[in-house]
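Architecture at a glance
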Amino acid sequence: MQSYEFLLIIAVILLSTKVFGLLSERVHMPQVVGALIAGIILGPSVLGLVEETDFLLKTSEIGVIILMFMAGLDTDIEELKKTGLASFVIALIGVLVPLGAGTLLYLGFFPDPSDPLHLLKAVFVGVVLTATSVSITVETLREMGRLKGKVGTAILGAAIIDDIMGIVVLTLVSAMTDPTVNPISVLLRIVAFFVLVVVVGLIMYRLFRVMTKEWGNHRRIAIYGFAFCLILSFVAEHYFGIADITGAYFAGLILCNIMEAREYINKKMTVLGYMIFSPIFFASIGIKTELDGMTASLLVFSVALLVVAILTKIVGCGLGAKIMGFTWSDSLSVGLGMVSRGEVALIVAQKGAQSGLVDSSLFPPIVLVVIVTTLITPILLKLFMKQPAEGSAPEIRHEHI
């Protein structure tokens, strides 16, 4: 007989993530923190009301695809052009430093040469630390009147490039989980995928331009856009062995320059994600987080991972900014603005778990990094960043997911 318990589980997850999300907002924290806490409470670590099922896994996978599709749609290509080389250097060093430090930290804490995937697991911890989510930073800079300044523009541009670099590294590491796979073939698959993205991108860009002119903001545009996202996600994973979220991100990137379609699709996807899929994704991360296995050594590793996560972004991105001619004060501000990991680190960790590169015991340290870096980033920015001159006009909010 078919069980309908999944209906109750969805209701419990939606209600709890919303309630805890609102409580988080009351104490000036992002709602994602409340959703994570709700998942931890519902999961085996506290109440044990909800356990991971195939249904939740697949639903949360759609949630993460929607998030990455929206991240692509939200990418501001014009903003990227303005910052150019400076943003690229900031992002490059801001990826390499956390990647190397995270890898060395894991190897130092968990030496296991007998595991054929040991080095890849270590590298993947570094990949998690490369992630950047500047939605909190953007809101803080907007409130301070610094979003459209040199520092704000550099942070936004670097965050976009940072995301793209992180996705490429994630794809490369995930594809090498099979020890029989030739690294050259992996690289060739990645190159082939990007060639496909360029070709398909040119075709779909023109097609959506025509459809937008013909139909305007008709709901079929959003349906076609989401279907395109799902198809590219499937093709990436099934035919190229590349993470489906990579396909989702580039689907959004292809459509982000068609302003009318971009805004309409983004609006519809926000409702779809907000109503069901995103809460289930964030709650599923909390449900995966088993605090029962938190040993003393794992606790020490958690603290060390947190310190490394904060310092590597400040040092890496700050150094990149200084090399590109920023003042020491502005370089520090750029580094601080890139500290927050947010939902991006959770997405990367989720893909790592599916690839067998992130053990369930590592979810508590990763969740700790996400929560703390998300909380302290606005505090550090307000403490160390200079306020704008008096009379500065308030700025328009620009979200980066």
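These figures come from a predicted structure and were not determined experimentally.

1. So, the overall build of the protein
In terms of regular secondary structure, the protein is built from 15 helices and 0 strands. Taking all 401 residues of the protein together, 55% fall into the buried category. Intrachain contacts of the protein at a sequence separation of at least 6 include 81% that bridge at least 24 residues. Taken as a whole, the protein presents about 17700 Å² of accessible surface, with 69% of it coming from carbon and sulfur.

2. Side note on the nonpolar core
Generally speaking, a soluble globular protein has its nonpolar side chains buried in company with each other. In terms of nonpolar packing, the biggest core is built from 114 residues, with F69, L255 and I265 touching the most fellow members. With 12 residues, the single largest contributor to this core is helix α7 (residues 150-175). Contact partners of F69, with chain neighbours within four places excluded, come to G225, F226, C229, A248, Y249, A251, G252, L255, I265 and M269. Counting residues in each nonpolar core, the second largest holds 9 residues, with L42, V50, L56 and I280 among its members.

3. Comments concerning the packing of helix α2 (residues 31-42) against helix α11 (residues 259-288)
In the contact formed by α2 and α11, the axes pass within 6 Å of each other and the chain directions differ by 45°. Classified by the angle their axes make, α2 and α11 are oblique. For the pair α2 and α11, the crossing hand works out as right-handed. Residues V32, A35, L36, G39 and I40 of α2 pack against F282, A283, I285, G286 and I287 of α11. Split by residue class, the contact of α2 with α11 holds 8 nonpolar, 2 polar and no charged.

4. Concerning the packing of aromatic side chains
Using the criterion set out here, one finds 12 aromatic pairs in the structure. Ring geometry for F234 and Y239: centres 6.0 Å apart, planes at 90°, overall edge-to-face. Taken together, the aromatic side chains of F193, F194, F240, Y249 and F250 make up a single cluster linked through ring pairs.

5. Things to note about the environment of L319
Tracing the backbone through its elements, the reader meets L319 in helix α12 (residues 296-323). Overall, L319 belongs to the partly exposed group, its relative accessible area being 44%. Separated by 16 residues in sequence, L319 and G335 place their C-alpha atoms 8.1 Å apart. Sequence-distant contacts of L319, that is, excluding residues within four places in its chain, are made with I93 and I314.

6. Side note on the side chain of N266
Mapped onto the fold, N266 is located in helix α11. Taking relative accessible area as the criterion, N266 reaches 12% and is therefore assigned buried. Apart from residues lying up to four places away in sequence, N266 is in contact with M70, L73 and D74.

7. Notes on the environment of M211
Note on placement: M211 falls in helix α8 (residues 183-215). C-alpha separation for the pair M211 and I221, spaced 10 residues apart in sequence, amounts to 7.5 Å.

8. Quick notes on helix α10 (residues 244-255)
For α10, which comprises 12 residues, the first-to-last C-alpha distance of 17 Å matches the rise-based estimate of 16 Å (1.5 Å per residue) to within 8%. By the criterion of burial, α10 is predominantly enclosed, with 12 of the 12 residues buried. Among the residues of α10, D244, I245, T246, G247, A248, Y249, F250, A251, G252, L253, I254 and L255 are the ones counted as buried.

9. Description of a nonpolar patch on the surface
A cluster of nonpolar side chains, namely L85, F88, L92 and L96, defines an oily patch on the protein surface of about 370 Å² accessible area. Here L85 shows up in helix α4 (residues 77-109).

10. Examining the confidence of the model for the protein
Mean pLDDT over the protein works out to 82, with 88% of the residues at or above the 70 mark. Summarising per-element confidence for the protein, the mean pLDDT is lowest in helix α6 (residues 135-144) (65) and highest in α12 (92). Across residues 389-401 the pLDDT falls below 50, and counting only partners more than four positions away or on other chains, this stretch makes 31 contacts in the model.

11. Remarks on the environment of T59
Locating T59 in the fold gives a position in helix α3 (residues 54-73). Classification of T59 by relative accessible area gives buried; the value is 7%. For the pair T59 and S278, spaced 219 residues apart in the sequence, the C-alpha separation amounts to 9.1 Å. Excluding residues that lie within four positions of it along the chain, T59 makes contacts with F277 and I280.

12. What to know about the side chain of R341
Along the chain, the position of R341 falls in the loop between α13 (328-337) and α14 (342-354). The exposure class of R341 is buried, given its relative accessible area of 0%. Within the local environment of R341, its side chain forms a polar contact with the backbone oxygen of A131, the two atoms lying 3.2 Å apart. Separated by 2.7 Å, the side chain of R341 and the backbone oxygen of A309 make a polar contact.

Parameters and conventions
- Numbering of residues starts from 1 in each chain and follows the order in which that chain's sequence is written.
- In keeping with the predicted nature of the model, local features appear solely for residues at pLDDT of at least 70, side-chain atom pairs appear and are counted solely at 80 or more, and the whole-chain, interface and lining totals rest on all residues.
- Heavy atoms from the whole structure form the basis of all side-chain values; hydrogens and water molecules are not counted.
- The secondary structure listing takes helices from DSSP runs of H or I that are at least 4 residues long and strands from runs of E that are at least 2 residues long, numbered from the N terminus.
- Here the term buried applies to any residue with accessible area under 20% of the maximum for its type, exposed to any over 50%, and partly exposed to those in between, with areas from a 1.4 Å probe on protein chains only.
- The contact criterion used throughout is that any non-hydrogen atoms of two residues lie within 4.5 Å.
- Each accessible area value is a Shrake-Rupley result obtained with a 1.4 Å probe; residue values ignore everything except the protein chains displayed when judging cover.
- Each nonpolar core is a collection of buried residues, namely Ala, Val, Leu, Ile, Met, Phe, Trp, Tyr and Cys, held together in the definition by side-chain atoms within 4.5 Å.
- For helices, the axis comes from a line fit to the C-alpha atoms of the stretch in contact; other axes are also lines fit to C-alpha atoms, and the angle between any two N-to-C directions lies between 0 and 180 degrees.
- Roughly parallel means an angle under 35 degrees; roughly antiparallel, over 145; roughly perpendicular, 65 to 115; everything else is oblique.
- Crossing handedness is defined as follows: a turn of the near helix away from the far one that is anticlockwise and smaller than a right angle gives a left-handed crossing, while the clockwise case is right-handed.
- Three categories are distinguished: nonpolar for Ala, Val, Leu, Ile, Met, Phe, Trp, Tyr, Cys and Pro, charged for Asp, Glu, Lys and Arg, and polar for the others, with Gly belonging to the last.
- The rule is short: rings of Phe, Tyr and Trp, with Trp giving its six-membered ring, pair when the centres are within 6.5 Å, and they are stacked under 30 degrees, edge-to-face over 60, tilted in between.
- What a helix is expected to span follows from its residue count: subtract one and scale by 1.5 Å.
- Here a patch means residues that are over 30% exposed by relative accessible area and free of salt bridges, tied together within 9 Å if like-charged and within 5 Å if nonpolar (Val, Leu, Ile, Met, Phe, Trp, Tyr).
- Salt bridge, as used here: a side-chain nitrogen of Lys or Arg that lies within 4 Å of a carboxyl oxygen of Asp or Glu.
- Values of pLDDT, which run from 0 to 100, indicate the predictor's confidence residue by residue.
- Pairs of N or O atoms within 3.5 Å make up the polar contacts considered here, provided that, within protein, one atom can donate a hydrogen while the other can accept it, and that residues adjacent in sequence are counted only when both atoms are side-chain atoms.

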